[in-house]
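# Fold and geometry: a report
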Amino acid sequence: MSSETNSMWGGRFGAGPSAVMREINASIAIDKRLWRQDIAGSRAHVAMLGATGILNAEDVAAIDAGLQQVAAEYEAGGLVEDAALEDIHMHVETRLRAIIGPAAGRLHTARSRNDQVAVDFRLWTKAACAEADAALKGLITALLARAEEHADTIMPGFTHLQVAQPVTLGHHLMAYVEMFGRDRGRFADAAQRMDESPLGAAALAGTSFPIDRQMTASALGFAGPTRNSLDSVSDRDFALEYLAATHMTGLHLSRLAEEIIIWASQPYGFITLPDAWSTGSSIMPQKRNPDAAELVRAKSGAFLAAYTRLSVVMKGLPLAYSKDMQDDKVTVFAAYDDLGLCLAAMTGMMETISFNPAKLRQAANSGFSTATDLADWLVRVAGVPFREAHEITGNCVKAAEAKGSDLNGLTDAELAAIDARITPAVRDVLSVEASVASRTSFGGTAPANVRAAITAARARL
Ligand code: ARG
């Protein structure tokens, strides 16, 4: 074998790869993150090779001790990258050989890098799902605390970003508790589906050695082995599902970020971000910018890009493994980093935002936000058909607009002049407090409902 060629696969080659070939082929800068999973996979594999009698006990003990030493070295000093060694699998094995000698070459019996990378990456992605779940739980906990604090705080509810009906801030925040709760479900669901070990699929067709895939699967904490060797080494839908769940979480984070940005803007003045979550301007001394929220909004776009990128890598690949798939990890790792940052930033902002109840209430009272309450009152109390009540209420809005007041600012006489069936008893529903308190239908905004929803959400947590 030429010394130029790769020690892992260079046997049939006369010369080594060109420098550019090395560079395009090397993934170690990215997949070094998998070293813990790679060593765990190898330890499970070698223990199984011993238990099945494929390797003798002496080799197994030497390999396992060597792998533990490699792990200790990486833990202490990090991994020294060598592009000639391509990827994490070759780095670990090469270091193992340096430590224990030629017996290291027996580790790769009944295995291929194709099932090796598949098992490493699944282990990593499963853990990433659990981390996302924990971070989402933290964000939900923060939202619940703020929702409870503001179960009675009145704010405008919007449609088309026009003031529509008054709602409570607690109710608004609880909407995000629902969204992030579904996101947790998506990560949990994806984690459950990827809970199968591809180790033992070997290169693509399985192996003639009498391996025990059940044993390696359970040693690695999987529910069981995958059922088809071709699928095992060529599937990356587990990674795509992780990215899809990330993308959906990103959408929700982005909408909340957008609201924070709008609410912090001076014409709204609904919130103030604390110093810890604001940045200043180098030219305008008064500025207090919601940069973290803006970056959450921006980064959420990268999740869709990541999902699209890996989908496009996968879409035309014939079975089984193709090297295109090596590009899966750079995409997933970047999304993972961004998701962790976004969830941490959003949780931090949520915990510390100060809401301005006076501004929120004032805005809730604008835009004739209790018009629906007046129409509903006409139906409920005066027996007016809803369509007619809508028309009468429209006339009241017109009159209030002309007078420059809100609906409650019209006198009893002015209201009665519009329609004789409007009596002073209507005052019960014209205030924003009365409006909100009356919305007691299941899932509605009444403070009592919001408190019940918070209790129920805490129980689900
Ligand atoms: N570094 C490779 C990857 O991440 C490992 C699998 C290599 N397999 C192969 N047949 N070249 O996909």
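The sections below set out a description of the structure shown in this document.

## Topic: the state of the cysteines
- Scanning the entire structure with this criterion turns up zero disulfides.
- Not engaged in a disulfide, the cysteine Cys129 finds its nearest cysteine sulfur in Cys342; these two sulfurs lie 17 Å apart.

## Things to note about the packing of helix H11 (residues 291–315) against helix H12 (residues 328–352)
- At a minimum axis distance of 9 Å, the contact between H11 and H12 shows a crossing angle of 155°. The angle between H11 and H12 falls in the class roughly antiparallel. Read as a crossing pair, H11 and H12 show a hand that is left-handed. For the pair formed by H11 and H12, the contact residues are Ala292, Ala293, Val296, Lys299, Ala302, Phe303, Ala306, Arg309 and Leu310 on the first element and Asp328, Val330, Thr331, Val332, Ala335, Asp338, Leu339, Leu341, Cys342, Ala345, Met346 and Met349 on the second.

## Quick look at unusual backbone geometry
- A cis amide bond, omega 5°, links Leu319 with the succeeding residue Ala320.
- Inspection of the secondary structure puts Ala320 in the loop between H11 and H12.
- The phi torsion at Glu86 lies on the positive side, around 60°, for a residue other than glycine.
- Relative to the helices and strands, Glu86 resides in the loop between helix H4 (57–77) and helix H5 (88–100).

## Concerning the pairing of strand S2 (residues 162–168)
- Across six bridges, the pairing between strand S1 (residues 154–159) and S2 is antiparallel. Of the residues in S2, the one forming a bridge with Pro156 is Pro166.

## A look at helix H14 (residues 371–382)
- Taking 1.5 Å of rise per residue, 12 residues should cover 16 Å, and H14 covers 16 Å from first to last C-alpha, within 8% of that figure.
- Listed in full, the buried residues belonging to H14 are Ala371, Asp373, Leu374, Ala375, Trp377 and Leu378.
- Where H14 is buried, its residues contact helix H15 (386–403), helix H17 (427–430) and helix H18 (432–438).
- Of the residues one or two after H14, Gly383 is the one with positive phi, at around 70°.

What counts, and at which threshold
Residues numbered from 1 in each chain as written. Predicted model: local features only at pLDDT ≥ 70, side-chain atom pairs only at ≥ 80, totals over all residues. Heavy atoms only, no water. Disulfide = S-S within 2.5 Å. Axes fitted to C-alpha atoms, helices over the stretch in contact; angles between N-to-C directions. Helix = DSSP H or I, 4+ residues; strand = E, 2+ residues; numbered from the N terminus. Parallel < 35°, antiparallel > 145°, perpendicular 65-115°, else oblique. Left-handed = near helix turned anticlockwise from the far one by under 90°. Contact = heavy atoms within 4.5 Å. Pairing = 2+ DSSP bridges. Expected span 1.5 Å × (residues − 1). Buried < 20%, exposed > 50% of the residue type's maximum accessible area, 1.4 Å probe, protein only.

Worth remembering: the numbers are spatial, not functional.
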